[in-house]
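Reading the structure
One letter stands for each residue in the lines below.
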Amino acid sequence: MYEDKLENTMEISLKVAIIGAGVSGLVTARELLREGHRVVVYEKSNQPGGTWVYDTRVESDPLGLDPKREIVHSSLYSSLRTNLPRHLMGLSDYPFTDRVYGDPRNFPGHEEVLKFVKDFAREFGLTMLIRFETEVVRVERFDSGDDDEWVVESRTSGASGEEKFQAVVVCTGHYADPIVANLPGTIRRSQNLDYG
């Protein structure tokens, strides 16, 4: 009985939203495509790569205490190299060791990793699925009677829109907002406070 149910679900093609076009979002998109699902990837920036996209800008409030600050979604610095060897950073069917983009070191720089990620997206046809410069501002479960659906509200160049999906996968990083230690005897401002 369970196996029949599982077999029937595997034959259904779902419309799936993926939030984030970093490594996890791209791998998720590829695997869902392989299973026959229809995929839309939302990416806030103008290129795939997630945390591997280097940005020369630096936040004015590195501790993240001011909620009105301009947020720079990059945790890289110009001389950053990986802390894992290249053979551990690849995928079983898409090894990093087979591709050298000018940095032959075992622990390559971030530029090399970004090129690898972009090549992965291009080779598997994922780039055409990505809606660049599109920020997801809300995801909400919607009961449509027989099936649950998800409403994804996104914003592009000031205009917003909604779209329904049968599934949503969140593949965003979790290092954009600093975590400041709450030490006894210190005053810690909440990130939710209005500094107006």
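As a starting point, this report considers the structure included with it.

Conventions and cut-offs
- Here the residue numbering is sequential within each chain, running from 1 through the sequence in written order.
- With pLDDT at 70 or above as the cut-off, local features in this predicted model cover only qualifying residues; side-chain atom pairs require 80 or more to be listed or tallied, and sums for whole chains, interfaces and linings still use all residues.
- Values shown for side chains rest on all heavy atoms present in the structure; no hydrogens or waters enter the calculation.
- Every helix listed is a DSSP run of H or I at least four residues long, and every strand listed is a run of E at least two residues long, numbered separately from the N terminus.
- For the exposure calls, accessible area comes from a 1.4 Å probe over protein chains only, and a residue counts as buried if that area is under 20% of its type's maximum, exposed if over 50%, partly exposed in between.
- Contact definition: two residues touch when any of their heavy atoms are within 4.5 Å.
- Computed with the Shrake-Rupley method and a 1.4 Å probe, the accessible areas treat only the protein chains shown as cover for residues.
- Any two strands with at least two DSSP bridges between them are considered paired.
- Salt bridge criterion: a side-chain nitrogen from Lys or Arg within 4 Å of a carboxyl oxygen from Asp or Glu.
- Take the residue count of a helix, subtract one, and multiply by 1.5 Å to get its expected span.
- Of all possible arcs, the one meant is that of the directions from the helix axis to the C-beta atoms.
- The term polar contact refers here to a pair of N or O atoms within 3.5 Å; inside protein, the definition further demands a hydrogen-donor-capable atom paired with an acceptor-capable atom, and it admits residues adjacent in sequence only when both atoms are side-chain atoms.

On to the overall build of the protein chain, then. When helices and strands are counted, the protein chain shows four helices and seven strands. Start at the N end of the protein chain and walk to the C end: the helices and strands fall as α-β-α-β-α-α-β-β-β-β-β. Across the 196 residues of the protein chain, 30% fall into the buried class. Partitioning the contacts of the protein chain with sequence separation of at least 6, the portion at a separation of at least 24 is 53%. For the protein chain, the accessible area works out to roughly 12700 Å², and carbon and sulfur atoms hold 53% of it.

This part takes up the pairing of strand S5 (residues 148-156). Bridge count between strand S4 (residues 135-143) and S5: eight bridges; the pairing is antiparallel. Of the residues in S5, the one forming a bridge with Val139 is Val152. Across seven bridges, S5 lies against strand S6 (residues 159-165) in antiparallel orientation. Looking at S6, one finds that Glu153 is bridged to Glu162.

This part is about the pattern of salt bridges. The full count for this structure, using the stated rule, is 15 salt bridges. The partner of Asp93 in a salt bridge is Arg34, with the nearest N and O atoms 2.8 Å apart. On the criterion of sequence distance, the pair formed by Asp93 in the loop between helix H3 (86-89) and helix H4 (110-123) and Arg34 in helix H2 (residues 23-34) is long-range, its members being 59 residues apart. Note on Asp93: relative accessible area 36%, which makes it partly exposed. Its salt-bridge partner being Arg131, residue Glu163 comes within 2.6 Å of it at the nearest N-O pair.

With that settled, consider H2. For H2, with twelve residues, the first-to-last C-alpha span of 17 Å sits near the 16 Å given by 1.5 Å per residue. Buried within H2 we find Gly25, Leu26, Ala29, Arg30 and Leu32. For H2, the buried positions fall inside an angular range of 165° around the axis, keeping them on one side. Residues of H2 that are buried sit in contact with strand S1 (15-19), strand S2 (38-42), H4, strand S3 (130-131) and strand S7 (167-170). Once H2 ends, the next one or two residues include Gly36, with phi positive near 90°.

Let us look at the side chain of Thr82. Note on placement: Thr82 falls in the loop between S2 and H3. Under the relative-accessibility criterion, Thr82 is labelled buried at 9%. Within the structure, Thr82 has its side chain in polar contact with the backbone oxygen of Leu84 (distance 2.8 Å). If we skip the residues at most four places from it in the chain, Thr82 touches Trp52, Met89, Phe107, Pro108 and Val113.

By the element assignment, Pro108 lies in the loop between H3 and H4. In the structure, Pro108 is positioned 27 residues away from Arg81 in sequence and 5.4 Å away in space, judged by C-alpha atoms. The contact partners of Pro108, leaving out residues within four places of it in the chain, are Arg81, Thr82, Arg86, Phe96, Asp103 and Val113.

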